[in-house]
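# Structural characterization, general
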Amino acid sequence: AREMGLPADTADRLASMTCFGAGAMLASSPGEAEELRLKVTSPGGTTQAAMVVMEDGEFRELVLKAARAARDRSRELALK
């Protein structure tokens, strides 16, 4: 949001509240995260536009690689 011209305090608050709201919705919703995302994503809307970009950039694979790296590192640290 900062890189798109929003003031730092506004950008930080927007990011924080977006994560908080999404997390709260997920925590209180039955079912899988993907199911919730499909329910709240309007066809042709802003979330769908962002999802297309993330899917084209193989975002899921990147997140999986990051999670594996964190898991592997936690195992290494546990052995020390």
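Described below are features of the structure shown in this document.

Criteria and cut-off values
- Residues numbered from 1 in each chain as written.
- Predicted model: local features only at pLDDT ≥ 70, side-chain atom pairs only at ≥ 80, totals over all residues.
- Heavy atoms only, no water.
- Helix = DSSP H or I, 4+ residues; strand = E, 2+ residues; numbered from the N terminus.
- Areas by Shrake-Rupley, 256 points an atom, 1.4 Å probe, with all protein chains shown as cover.
- Salt bridge = Lys/Arg side-chain N within 4 Å of Asp/Glu carboxyl O.
- Buried < 20%, exposed > 50% of the residue type's maximum accessible area, 1.4 Å probe, protein only.
- Polar contact = N/O pair within 3.5 Å; in protein donor to acceptor, adjacent residues only side chain to side chain.
- Contact = heavy atoms within 4.5 Å.

Here we take up the overall build of the chain. The helix and strand tally for the chain stands at four helices and zero strands. For the chain, the N- to C-terminal ordering of α and β elements is α-α-α-α. With the C-alpha coordinates of the chain rotated into their principal frame, the extents come out at 45 × 35 × 30 Å. As displayed, the chain offers around 6,700 Å² of accessible surface, 62% of which is attributable to carbon and sulfur atoms.

This next bit is on the environment of Ser 16. Relative to the elements of secondary structure, Ser 16 occurs in helix α1 (residues 8-28). Between the alpha carbons of Ser 16 and Leu 62 there is a distance of 22 Å; along the sequence they are 46 residues apart.

Further remarks concern the pattern of salt bridges. In total, this model carries six salt bridges according to the counting rule given. For Asp 12, the salt bridge is made with Arg 2, and the minimal N-O distance between the two is 2.7 Å. Placement of the pair is Asp 12 in helix α1 and Arg 2 in the segment before α1, with a sequence separation of ten residues. Residues Glu 35 and Lys 39 are paired through a salt bridge, measuring 3.7 Å at the closest nitrogen-oxygen approach. Here Lys 39 and Glu 35 lie together in helix α2 (residues 33-40), a separation of four residues that amounts to about one turn. A network of salt bridges, in which partner residues are shared, links Glu 34, Arg 37 and Arg 60.

One can find Leu 38 in helix α2. Judged by relative accessible area, which is 52%, Leu 38 ranks as exposed. Counting along the chain gives ten residues from Leu 38 to Gln 48, while the straight-line C-alpha distance between them is 9.3 Å.

Bringing the side chain of Thr 41 into the picture now. Assignment of secondary structure puts Thr 41 in the loop between α2 and α3 (46-56). Since its relative accessible area comes to 13%, Thr 41 is described here as buried. One polar contact links the side chain of Thr 41 to the main-chain carbonyl oxygen of Arg 37, over a distance of 2.6 Å. Beyond its immediate stretch of four places on either side in the chain, Thr 41 contacts Thr 47 and Gln 48.

With that settled, the discussion passes to unusual backbone geometry. Negative phi characterises most residues that are not glycine, and trans characterises most peptide bonds. Look at Glu 58: it is not a glycine, yet its phi comes out positive at around 55°. Within the secondary structure, Glu 58 is located in the loop between α3 and α4 (59-78).

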